[in-house]
Amino acid sequence: MRSHRFALSISGGIALGSYEAGVLCQLYRDLYAFNRLPDIHGQVSVSIDAIAGASAGSITGLILAQALSLGLPPELLETRMRACWIELLSLEQLLKPWDQDSLEGIFTGGVVPEVIRRALEIPPTTPAEFTEPIALWITMTNLDGVPYRIDFGRHDEHHAQAVTELYALDYTDCIPFVVTRGVIAMVEEKLIPRSGSQSDLWQAASDAAHASSAFPVAFPSQWQERDLMQYPGYCDFKSAVEGRRPDPGDPLELAAAVTPLPTRFTFQFIDGGVFHNQPVGKAIDAVTWLDLRFPERLPHTDDNGGAGRSYLIIEPEPQLPESVEQALNLHSEHAARPDLPPAMIGKILGAYFNTALFSDFNEAVKMNGRVAALEAALDELDRLGLSPDHAAAIKEEIRTAAGFRNKRAITLQRIPAEVAKGRRLASSFMGHFGGFLRRDYREADFITGRNEGRMWLVRWLELWLKSHANEIGIAPQAITPDWVLAHLDPQPIPVASDPLPDTGLSPEDLAASGWFASHEPGEPPTAAQWSAALSEAERDAILSRVEERAAVLTEAWTRLPRFVIEAALELFNLHSRHGLLHDPARE
């Protein structure tokens, strides 16, 4: 049987998690139908077996991993995704009455874990049919950092005075899980669950996703205990520090040396997207683990006809060449003017997050080049006249020594495959928080995700099936987009121009939404643009809720008297409602 496996990298997106949920629901629906068709079953298979998630992507990834491991009906997965991203994650829920633990963030701390709990079955029932193991890597950011040692290993006499080791803190973290037929286990037991029961292990995965989605300032950070002995870098650090010989004449150094370093510690965690907003590197790690753990199911082996493996990234708003060019033009216009500190901070944050976003991509490109160069060099061994077995053994030893064992050049896919100019997502305003303000924004993005997921899959399946048509007994000319569509889930998807039942607005209308009505310069907004944007009453209600929350947070953060805070908020109120947030369409 020719099989192709996908490893997903699901980025952060805040309220754009509704778009990611739509993409994943449609992929699941279509592959569920495709793999069960009588003329397909047993000949070809296309599946998802690895997921890496950051921030919002960690929540959608966890829900999808459970569905894949249980073989859930597509309708049930969609019900759970919709409950999470459309029905429950609203501004009303996020600004519910809060407790003392929620004073760290703008939004209340109890909503996200409750939403995840409702979208999962804890513990799940055992599925009736066989399902493959699903690797799930959840990223997060450790604000305290785990100590580790960098050892250069230059201890010979010719480098007696060289610096041989450095000490640092690692602020990145990732909790890897594997889910097999609904049974979850930690690949590395870093996070300490309450017990080894399935209920507590699924709760540990939920806690990891909660920490990964704790966007700084918006949501409270999460404190979680870690088993430090599961971190190889810390073990090396601990051994090095505790193994140092103290100076017998220095009692302080002697006391410090005999005090053992902890094996457990409670750290403060926030959003995994801070360092790995598009965690394709973690998806590669997940696949490497699967290949080592289950070598009999490697998708690139000859028995599989080379049908292969791809990495699929879900990225709601990829950068376009036009946006990068526009940034250059904007910077050149302001080059002669010095920036004030607030503008500098904005640039620093933008530079940092863009570097964090694309670091994994750049590393993947370098890895592809190194793998290709290594394999080209290893092919030269075949000219030495060695026996095939001897040559294969030497090649594997060289790959292992170079750190490239089970590493292969990766093929990267992306949804959306093509991005048109202009706004396409309703939730993208207000730094991607806009979708929390109205349900129809989230509904529109869910539909857009479904359509873009389907469009990508139809095109990919057409090309993939044509490349394997002879092996699976299908005439290549018979494989057309219509043929592929006939082999996918039959449920129709609303198109972008179809009105939603609640408001009568279409996803196209809502994609041009925002705090104010979006319209062309010099032209008044249309009726649809007025309806798609927030009304004055909605904006006033939102500002009132935010001001109420701001008063509580300001009092807690600054310890200023309440009357001072109320006076400052009244000043903000005058500016926000009549100045800074004045609707230009009404001029």
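Visitor: For this particular structure, what's the right way to read the nonpolar core?
Guide: In a soluble, globular protein the nonpolar side chains are often hidden away together inside. Counting 110 residues, the largest nonpolar core has Ile-51, Leu-64, Met-81, Phe-177 and Leu-461 as its most contacted members. Among the elements that make up this core, the one with the highest residue count is helix α14 (residues 439-467) (11 residues). Those residues in contact with Met-81, other than ones at most four positions away along the chain, are Ala-21, Leu-24, Cys-25, Thr-60, Ile-63, Leu-64 and Ile-86. In terms of nonpolar packing, the next biggest core, distinct from the first, is built from 15 residues, Ala-50, Ala-135, Leu-290 and Tyr-311 among them.

Visitor: What is the right way to read the packing of aromatic side chains from this model?
Guide: The geometry of an aromatic ring pair comes down to the distance between the two centres and the angle between the two planes. Tallied over the full model, the rule gives 17 aromatic pairs. Aromatic side chains Tyr-234 and Phe-237 sit 6.1 Å apart centroid to centroid with 35° between the ring planes, which places their arrangement in the tilted category. Taken together, the residues span about one helical turn, with Tyr-234 and Phe-237 both in helix α7 (residues 232-242) at a distance of three residues. Under the relative-accessibility criterion, Tyr-234 is labelled buried at 3%. The exposure class of Phe-237 is buried, given its relative accessible area of 14%.

Visitor: Got a minute to help me understand the side chain of Ser-428 in this structure?
Guide: Along the chain, Ser-428 turns up in the loop between β9 (412-415) and α14. Setting aside residues up to four positions removed in sequence, Ser-428 forms contacts with Leu-16, Glu-317 and Arg-423.

Visitor: Explanation requested: the packing of helix α3 (residues 74-88) against helix α5 (residues 111-119) in the structure shown.
Guide: Each packed pair of helices is defined by two parameters, the angle between the axes and the distance between the axes. Look at α3 against α5: their axes get within 8 Å of each other, and the N-to-C directions meet at 150°. Relative to α5, α3 is oriented roughly antiparallel. Judged by the sense of rotation from one axis to the other, the crossing of α3 with α5 is right-handed. Across the interface between the two elements, Arg-80, Cys-84 and Leu-88 from α3 touch Val-115, Arg-118 and Ala-119 from α5.

Visitor: Before we go on, may I ask you to explain a nonpolar patch on the surface in this structure?
Guide: Taken together, Ile-106, Val-217 and Trp-557 make up a surface patch of nonpolar side chains, about 290 Å² in accessible area. For Trp-557, the location among the structural elements is in helix α19 (residues 536-558). Here Trp-557 falls in the partly exposed class, since its relative accessible area comes to 49%.

Visitor: How do you make sense of the confidence of the model for the chain when you look at a structure like this?
Guide: Close inspection of predicted coordinates is inappropriate for parts of the model with low pLDDT. For the chain, per-residue confidence averages 83 on the pLDDT scale, and residues scoring 70 or more make up 81% of the total. Note on residues 576-587: pLDDT is under 50 here. Beyond four places in sequence and across chains, it has 25 contacts.

Visitor: Help me understand the environment of Tyr-231 in this model?
Guide: Here Tyr-231 shows up in the loop between β6 (222-227) and α7. For Tyr-231, a relative accessible area of 9% translates into the label buried. Sequence separation between Tyr-231 and Lys-190 is 41 residues, and the spatial gap between their C-alpha atoms is 7.4 Å. Leave out the neighbours within four places in its chain, and Tyr-231 touches Val-146, Asp-173, Lys-190 and Arg-226. Only 3.3 Å separates the side chain of Tyr-231 from the side chain of Arg-226, close enough to count as a polar contact.

Visitor: So what exactly am I meant to see when it comes to unusual backbone geometry here?
Guide: Where the residue is not glycine, phi is negative for most of them; where a peptide bond is considered, it is trans in most cases. For the peptide bond that leads from Ile-122 to Pro-123, omega is -15°, which places it in the cis range. Relative to the assigned elements, Pro-123 resides in the loop between α5 and β3 (134-151). Backbone geometry places Arg-181, a non-glycine residue, at a positive phi of 50°. Locating Arg-181 in the fold gives a position in the loop between β4 (165-180) and β5 (183-186). Backbone geometry places Met-430, a non-glycine residue, at a positive phi of 55°. Among the structural elements, Met-430 can be located in the loop between β9 and α14.

Visitor: Can you help me understand helix α10 (residues 280-293) in this one?
Guide: An α-helix turns once every 3.6 residues. As a result, residues three or four positions apart point the same way. The terminal C-alpha atoms of α10 lie 20 Å apart, and with 14 residues this matches the ideal 20 Å at 1.5 Å per residue to within 8%. The buried fraction of α10 amounts to 10 of the 14 residues, a majority that puts the element mostly inside the structure. Within the sequence span of α10, burial applies to Val-280, Gly-281, Lys-282, Ala-283, Ile-284, Ala-286, Val-287, Thr-288, Leu-290 and Asp-291.

Visitor: What's the story with the pattern of salt bridges in this structure? I'm lost.
Guide: Between side chains of opposite charge, a pair can form as their charged atoms come close. Counted by the stated rule, this structure contains 29 salt bridges. The shortest N-O distance in the salt bridge between Asp-382 and Lys-395 comes to 3.2 Å. Placement of Asp-382 in the loop between α12 (341-379) and α13 (388-401) and of Lys-395 in helix α13 is noted, with a sequence separation of 13 residues between them. A relative accessible area of 48% places Asp-382 in the partly exposed class. Between Glu-462 and Arg-459 there is a salt bridge, and its shortest N-O distance comes to 3.1 Å. Here Arg-459 and Glu-462 lie together in helix α14, a separation of three residues that amounts to about one turn. Classification of Glu-462 as buried rests on a relative accessible area of 8%.

Here is what the cut-offs are and how they apply
- Residues numbered from 1 in each chain as written.
- Predicted model: local features only at pLDDT ≥ 70, side-chain atom pairs only at ≥ 80, totals over all residues.
- Heavy atoms only, no water.
- Core = buried A, V, L, I, M, F, W, Y, C linked by side-chain atoms within 4.5 Å.
- Buried < 20%, exposed > 50% of the residue type's maximum accessible area, 1.4 Å probe, protein only.
- Helix = DSSP H or I, 4+ residues; strand = E, 2+ residues; numbered from the N terminus.
- Contact = heavy atoms within 4.5 Å.
- Phe/Tyr/Trp six-rings, centres within 6.5 Å; stacked < 30°, edge-to-face > 60°.
- Axes fitted to C-alpha atoms, helices over the stretch in contact; angles between N-to-C directions.
- Parallel < 35°, antiparallel > 145°, perpendicular 65-115°, else oblique.
- Left-handed = near helix turned anticlockwise from the far one by under 90°.
- Patch = residues over 30% accessible without salt bridge, like charges linked within 9 Å, V, L, I, M, F, W, Y side chains within 5 Å.
- Areas by Shrake-Rupley, 256 points an atom, 1.4 Å probe, with all protein chains shown as cover.
- Salt bridge = Lys/Arg side-chain N within 4 Å of Asp/Glu carboxyl O.
- pLDDT = per-residue confidence, 0-100.
- Polar contact = N/O pair within 3.5 Å; in protein donor to acceptor, adjacent residues only side chain to side chain.
- Expected span 1.5 Å × (residues − 1).

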